[in-house]
Amino acid sequence: MRPDALLALEDGSIFRGTAIGCPGQTVGEVVFNTAMTGYQEILTDPSYCRQIVTLTYPHIGNVGTNREDRESSRVHASGLVIRDYPATFSNWRAQEPLDAFLARNQVVAIADIDTRRLTRCLREHGALNGCIMAGEGIDEAEAIAQARAFPGLKGMDLAQVVTTDTLYGWSEGSWRLEKSDSVSNEKAPGRFHVVVYDFGVKHNILRLLVDKGCRVTVVPARTSADEVLTLSPDGILLSNGPGDPEPCDYAIGAIRQFLTQSIPLFGICLGHQLLALASGATTVKMKFGHHGANHPVQDLATGEVFITSQNHGFAVNENTLPASLKPTHRSLFDGTLQGIQHTDKLAFSFQGHPEASPGPRDITPLFDRFIALMQAAHT
Ligand SMILES: NC(=O)CC[C@H](N)C(=O)O
């Protein structure tokens, strides 16, 4: 028998279930993710810092966990909420069951709750803060009070919290690389030097850059533009990351400086929002955001639709785009802006996740576009 656990939301809703991770309590913004696979990638994605994730797919844990599927060196989600934890797990790559993985990473998690009811609650009310209590001494009133005490993600700069302390080089390519993939593994490694701003970077972004023949240097979020320029990058990648983009003034300032040079810039998710802010647009907090692996996004130039992986709670307000920024992609779920491109600079960005992990790889060719920009900058 697993110990009791409960999830309380700031609106007073209570969900009772059983504990599957570490005993204790945790608070955060509760978000639902609709992906059917990829729970380990989701838990280790730094963009989930201070968020409690509930997965709408009902059976979570079936394939265990392994060393390859993590997107960073540790779990960043503040907690996990699921419907059914299976009695056993099975996969040729599995090394550890999910409950042991959660306990080892000190993640408070709850199973056996009605995740449909919870998801409907979040869809109706929008993002809600919550508290999970697991094991000894759980107390409904205290859990509601803890949920209400969480200040929410608006105004929270979390890129600084999850970023690397020091600069490092990255040389690992994608282990998932298949012969049919159109990546340029044969090209000389190090053809382009890409400096990646780590606002909470996922490993698969770094792996895909290596697959494309790039030499990769990762720098802390607060690295100044001048310091980055001394590294002589051929291109700069602005990574994904947690929290509100608006308070990240150090990054916005650095990007403004890069925009005065003719250096290729590629922003992903938080990086996309930061590029927009640096260019004069504004961002907004969405009602419940996009978290899933099957979101249709349209390329506005070609009409082509891509099925994409998404994980964001803020968005760039399309009405505020300056004349120098052209919208390139839009979500077919809610019409929100998904991509932008500078009309007179070598800079573009995407709100979803071209690196997938988890999710479909439809939009991975955006990495080729970045390579093409670096090529163009050289000629
Ligand atoms: N995955 C991301 O980079 C998320 C960006 C930002 N924290 C948001 O929630 O919108």
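None of the values given here were measured: they were computed from a predicted structure.

### Concerning the overall build of the chain
Right, so step 1: Looking only at helices and strands, the chain features 10 helices and 17 strands.
Right, so step 2: For the chain, the C-alpha radius of gyration of 20 Å lies close to 21 Å, the compact-globule estimate for 379 residues.
Right, so step 3: On the principal axes, the C-alpha backbone points of the chain span a range of 65 × 45 × 40 Å.
Right, so step 4: Of all 379 residues assigned to the chain, the portion counted as buried reaches 53%.
Right, so step 5: Expressed as a percentage of contacts within the chain between residues at least 6 apart in sequence, the contacts between residues at least 24 apart total 78%.

### Looking at unusual backbone geometry
Glycine aside, a negative phi is what most residues show, and trans is what most peptide bonds show.
Right, so step 1: Looking along the chain, the bond that leaves Ser-357 and enters Pro-358 is cis, with omega of 5°.
Right, so step 2: Within the element layout of this structure, Pro-358 appears in the loop between β17 (347-350) and α10 (366-378).
Right, so step 3: Of note in this structure, Ser-232 is not a glycine but carries a positive phi near 50°.
Right, so step 4: Within the element layout of this structure, Ser-232 appears in the loop between α7 (225-230) and β11 (235-238).

### Things to note about the environment of Pro-245
Right, so step 1: Along the chain, Pro-245 turns up in the loop between β11 and α8 (249-259).
Right, so step 2: Of the residues examined, Pro-245 has 26 C-beta atoms within 10 Å and is grouped as buried.
Right, so step 3: Sequence separation of Pro-245 and His-272 is 27 residues, and the distance between their C-alpha atoms is 9.5 Å.
Right, so step 4: In contact with Pro-245, other than residues within four places in its own chain, are Leu-270, Gln-273, Leu-274, Leu-277, Thr-283 and Phe-314.

### Observations concerning the confidence of the model for the chain
Right, so step 1: Here the chain shows a mean pLDDT of 95. Residues at 70 or above account for 96%.
Right, so step 2: This model gives residues 179-187 a pLDDT under 50, and the stretch forms eight contacts once residues within four places in sequence are excluded.
Right, so step 3: Reported confidence for the predicted complex is 0.98 by ipTM and 0.96 by pTM.

### Regarding the sheet that holds strand β10 (residues 214-220)
Sheet strands pair via backbone hydrogen bonds, and the direction of the pair is either parallel or antiparallel.
Right, so step 1: One open sheet holds the 10 strands; their spatial order is β8-β10-β9-β11-β12-β17-β16-β15-β13-β14, and the pairing between them is mixed. The outermost strands of the open sheet, each flanked by one partner alone, are β8 (168-170) and β14 (305-316). Between one strand axis and the next, the sheet turns by 25° as a mean value, whatever way the strands run.
Right, so step 2: The sheet contact formed by β11 and strand β12 (residues 265-268) spans three bridges and is parallel. Looking across to β12, one finds that Leu-237 is bridged to Phe-266.
Right, so step 3: Most of the contacts of α10 go to β11, to which it runs at about 150°, and overall it touches β9 (192-198), β11, β12 and β17.

### Focus on the domain arrangement of the chain
Right, so step 1: When cut into domains, the chain gives domain 1 (4-149) and domain 2 (159-378).
Right, so step 2: Between the C-alpha centres of domain 1 and domain 2 the distance comes to 28 Å.
Right, so step 3: Across the contact, 23 residues belong to domain 1 and 23 residues belong to domain 2.
Right, so step 4: At the level of secondary structure, the elements contributing two or more residues to the side of domain 1 that touches domain 2 comprise β3 (24-33), α1 (39-44) and α3 (115-125).
Right, so step 5: Examining the composition of the side of domain 1 that touches domain 2, we find that three residues originate from one element, β3, more than from any other.

### So, the environment of Leu-300
Right, so step 1: Take Leu-300: it is sitting in the loop between β13 (283-299) and β14.
Right, so step 2: Separated by 86 residues in the primary sequence, Leu-300 and Cys-214 have C-alpha atoms spaced 29 Å apart.
Right, so step 3: Residue contacts for Leu-300: discarding those within four places in its chain leaves Pro-327, Thr-328, His-329 and Arg-330.

### Some points on the site of the ligand
Right, so step 1: Inspection of the region around the ligand gives Ser-47, Asn-240, Gly-241, Pro-242, Gly-243, Cys-269, Leu-270, Asn-311, His-312, Gly-313 and Phe-314 as its neighbouring residues.
Right, so step 2: If one sorts the elements of the shell around the ligand by residue count, β14 sits on top with four residues.
Right, so step 3: Classifying every residue of the shell around the ligand gives four nonpolar, seven polar and no charged.

### Remarks on α8
Right, so step 1: When we look at burial in α8, the residues that qualify are Ala-251, Ala-254, Ile-255, Phe-258 and Leu-259. End-on view of α8: buried residues confined to an arc of 140°, all on one side of the axis. Counted as exposed and oriented over 90 degrees from the buried face of α8: Asp-249 and Gly-253.

### Focus on the pairing of strand β7 (residues 128-134)
Right, so step 1: The element β7 is extensively covered by neighbouring structure, given that seven of its seven residues are classed as buried.
Right, so step 2: The two faces of β7 match: Leu-128, Gly-130, Ile-132 and Ala-134 on one face and Asn-129, Cys-131 and Met-133 on the other face are all buried.
Right, so step 3: Strand direction decides the pairing type here: strand β1 (residues 4-9) and β7, joined by five bridges, are antiparallel. If you follow Leu-7 over to β7, its bridge partner there is Ile-132.

### A look at the pairing of β17
Right, so step 1: Here β17 shows no split at all, with Ala-347 and Ser-349 on one side and Phe-348 and Phe-350 on the other all buried.
Right, so step 2: Pairing of β12 with β17, which is carried by four bridges, proceeds in the parallel orientation. Its bridge partner lying in β17, Leu-265 is registered against Ala-347.
Right, so step 3: Relative to β17, strand β16 (residues 337-342) runs antiparallel, the two sharing three bridges. The residue bridging Gly-339 from the neighbouring strand is Phe-350, located in β17.
Right, so step 4: What sits between the antiparallel neighbours β16 and β17 is a turn of four residues.

Parameters and conventions
- Residues numbered from 1 in each chain as written.
- Predicted model: local features only at pLDDT ≥ 70, side-chain atom pairs only at ≥ 80, totals over all residues.
- Helix = DSSP H or I, 4+ residues; strand = E, 2+ residues; numbered from the N terminus.
- Rg over C-alpha atoms; globule rule 2.2 N^0.38 Å.
- Buried ≥ 20, exposed ≤ 12 C-beta atoms within 10 Å, placed from the backbone.
- Contact = placed C-beta atoms within 7 Å.
- pLDDT = per-residue confidence, 0-100.
- Pairing = 2+ DSSP bridges.
- Axes fitted to C-alpha atoms, helices over the stretch in contact; angles between N-to-C directions.
- Domains from an automatic or database assignment.
- Near = placed C-beta within 6 Å.
- Nonpolar A, V, L, I, M, F, W, Y, C, P; charged D, E, K, R; others polar.
- Arc of directions from axis to C-beta.

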